[in-house]
Each structure stands twice: as structure tokens, then as C-alpha cells.
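# Breakdown of the fold
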Amino acid sequence: ATQHRLWPEIDRISVEQLRYARLGVGEGGWQLFAEDGEMKMYKREEESNGMVVDPLKACHVVRGVTGHEMCHYFFSPDVRMEWETTVEQMTVIEKIADDTLVFLQVHKRIWPASQRDALFWSHMRQVPDHNDRDGHDIWIVCNHSTDNSDFPQSNNGKCVRVTLTVCLVCQTFIDPPKDGAKITRDDITCKITYCSVVNPGGWAPASVLRAVYKREYPKFLKRFTAYVIDQCKDKPIMF
Ligand SMILES: O=S(=O)(CCO)c1ccc(-c2ccc(C3CCCC3)c([C@@H]3C[C@@H]3c3ccccn3)c2)cc1
């Protein structure tokens, strides 16, 4: 089959985001702004023509689930509204492949800013991780804004369209049980890096946006990871 017109961009951004996620937070001006157990959230304060676009990088360690399971639930449109509390409406407007969809999401209005929507492709892939001695694969979901002439910006002037690049990079670690016993969920740990840059697309007060980011990101990652743990606990392990 001929390749989809977006494929070169999807491949390039996915590779780039994986590399970006794996950069440490030691350099590049990251400041820790939230901590909750194993979850650490860093941000950089950046503006783009007067709009707050603070990049975010969150690192977390979740026990009892695999990176494949984390990415499966993050990618899946069927369960999105079960964990995403800031989305009012979600539509899959195009299926590019089984592992690549285009979403249109209307986000709940955050007073006093006007309501936002986001149109983005979402791609999930497994990346062999050669330089990791216990050789565990890495799973990644990358979301990146895209245009679609059927869904122009500010449909009837209601929503301001945000632009975003998000990646969820997950690596599974297995602590092999004694004498070849079956691996259980007690033997697996998932190391997560979540990166996001959201441009609000139109002016919104910096103080309001920074307060929203500070409140919503920790809530979002905690809720999502708790959701995956709960969904997986009674199911066979998806490696
Ligand atoms: O990881 S995802 O791909 C999961 C799929 O849903 C994703 C996450 C977050 C967003 C997002 C969209 C709009 C806004 C703002 C910008 C001005 C007014 C609304 C925000 C701001 C950052 C704050 C925020 C953070 C987390 C959750 C909700 N809100 C975030 C979109 C997608």
C-alpha cells in the first residue's frame, strides 16, 4: 500500500520525541515543580510570542504494569473518556493505521480563557532497546498536532485550537522470579517519561495558564496511571 502523506512526519517526530524524552533533566533548565512518591514533574518556563508554552517532563515509576499496557490504554480511544477529565468531546476523525489515529478533542473551558480544541495524530510503536542490558523493549505513544481541511480552526468561532506535542515513553523492567517461576505482576515495574508542550493557540493570561498547568498535569498523570493499574490488575500481563 502507498504510504500515508503524514507518515514521514509521524516517523520523524516519534524518533525525535523518544530521543528528547530520554535526555535527563540535569541540563536544559528544568525545574522540579511537583513531586508525589515516585512521580517527579519538571517544567521549563518558555513563552512564544507572549503566550506561555512551558514544556513539561514528568518521570514516574509504576509497579505491576508493563510499558505496553501503559501505552495501550493511553492510545486507546475507547477508554479515553474514562481517565481524561479535561476533555469534553473526543472524536477519531481518521484511522491511518491500527497504531495511528487522528483525534479531535474539545477540552473543557478553563475560565477566563476561551474554550480550546486539539486536532492531532497519535502513533504508538515498540522500540527495541538495544543498549539496555536486561534488553527490555520501550513502548512509546506520540501525539502531535496536525491540520485537516475538514476540521478548520475555530469551528464557528467557538474554540481556539491549541498546538501540542506529547510523548509517553515507557520501559518495562522484570525482576525474574526464583527458579523459573511464572512472572507475576509483582515482578514487573514500568518506568515512564511523559513530555508535553502545549501552545494555547491564542492569548490566555500567563498566571492563569501556569496555575492550570501546575494543577492539571500532576492530577492527569496520577489519575491515568491509577486507571491503568486498576484495569490491568485482574488481567493477564500484556508484555
Ligand atoms: O497527553 S494528551 O495528549 C492526552 C489526550 O488528551 C493531552 C494532554 C493535555 C492537553 C491539553 C489541552 C489543552 C490545555 C489548555 C491550554 C489552554 C487551555 C487548555 C492543556 C493545558 C496544559 C493543561 C492541562 C494539562 C493536563 C490536562 C489538562 N490540561 C492541555 C491535550 C492533550
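Use the structure listed above.
Let us look at the structure shown here.

About the thresholds
Residues numbered from 1 in each chain as written. Predicted model: local features only at pLDDT ≥ 70, side-chain atom pairs only at ≥ 80, totals over all residues. Heavy atoms only, no water. Axes fitted to C-alpha atoms, helices over the stretch in contact; angles between N-to-C directions. Helix = DSSP H or I, 4+ residues; strand = E, 2+ residues; numbered from the N terminus. Parallel < 35°, antiparallel > 145°, perpendicular 65-115°, else oblique. Left-handed = near helix turned anticlockwise from the far one by under 90°. Contact = heavy atoms within 4.5 Å. Nonpolar A, V, L, I, M, F, W, Y, C, P; charged D, E, K, R; others polar. Near = heavy atom within 4 Å. Polar contact = N/O pair within 3.5 Å; in protein donor to acceptor, adjacent residues only side chain to side chain. Areas by Shrake-Rupley, 256 points an atom, 1.4 Å probe, with all protein chains shown as cover. Buried < 20%, exposed > 50% of the residue type's maximum accessible area, 1.4 Å probe, protein only. Pairing = 2+ DSSP bridges. Disulfide = S-S within 2.5 Å. Core = buried A, V, L, I, M, F, W, Y, C linked by side-chain atoms within 4.5 Å.

### What to know about the packing of helix 2 (residues 67-75) against helix 4 (residues 206-232)
At their nearest, the axes of helix 2 and helix 4 sit 10 Å apart, and the two run at 115° to each other. Judged by the angle between their axes, helix 2 and helix 4 are roughly perpendicular. Seen along the crossing, helix 2 lies across helix 4 with a hand that is right-handed. On the side of helix 2, the interface is formed by Glu69, Met70, Tyr73 and Phe74, while helix 4 contributes Phe220, Phe224, Thr225, Tyr227, Val228, Gln231 and Cys232. A breakdown of the residues in the contact of helix 2 with helix 4 according to their chemical character gives eight nonpolar, two polar and one charged.

### Re the site of the ligand
Neighbouring residues of the ligand: 20 residues in total, closest Glu84, Gln105, Asn143, Tyr194 and Tyr213. Taking Glu84, its side chain carries an N or O atom lying 2.6 Å from an oxygen atom of the ligand. One of the side-chain N or O atoms of Tyr194 is found 2.8 Å from an oxygen atom in the ligand. Compared with its free state, where it exposes 640 Å², the ligand has 99% of that area covered by protein.

### Comments concerning helix 2
The buried fraction of helix 2 is high, at eight of nine residues. Looking at helix 2, one finds that the buried residues are Gly67, His68, Glu69, Met70, Cys71, Tyr73, Phe74 and Phe75.

### Focus on the pairing of strand 12 (residues 188-199)
Burial analysis of strand 12 places ten of its twelve residues in the buried class, which makes it a mostly covered element. Bridging between strand 5 (residues 56-63) and strand 12 involves eight bridges; their strand directions are antiparallel. Looking at strand 12, one finds that Arg63 is bridged to Thr189. Bridge count for strand 11 (residues 163-174) against strand 12 is twelve bridges, and the pairing is antiparallel. The partner of Gln171 across the bridge, within strand 12, is Lys191.

### A closer look at the pairing of strand 1 (residues 31-36)
Relative to strand 2 (residues 39-43), strand 1 runs antiparallel, the two being bridged by five bridges. From the neighbouring strand, Glu35 faces strand 2, where its bridge partner is Lys40. The hairpin turn running from strand 1 into strand 2, its antiparallel successor, is two residues long, and Gly37 in that turn takes a positive phi close to 65°.

### Examining the state of the cysteines
In the structure shown here, the tally under the stated rule is zero disulfides. In this structure Cys167 is a free cysteine whose sulfur lies 4.0 Å from that of Cys195, the closest cysteine sulfur available. A residue is classified by how much of its surface remains accessible, and Cys167, at 0% relative accessible area, is buried. A residue is classified by how much of its surface remains accessible, and Cys195, at 0% relative accessible area, is buried.

### Examining the nonpolar core
Formed by 44 residues in total, the largest nonpolar core has its most connected members in Met41, Met70, Phe74 and Tyr194. Element by element, the count of residues in this core is highest for helix 4, at ten residues. Core analysis: the next-biggest nonpolar cluster, separate from the first, contains eleven residues, Tyr20, Trp30, Cys167 and Val169 among them.

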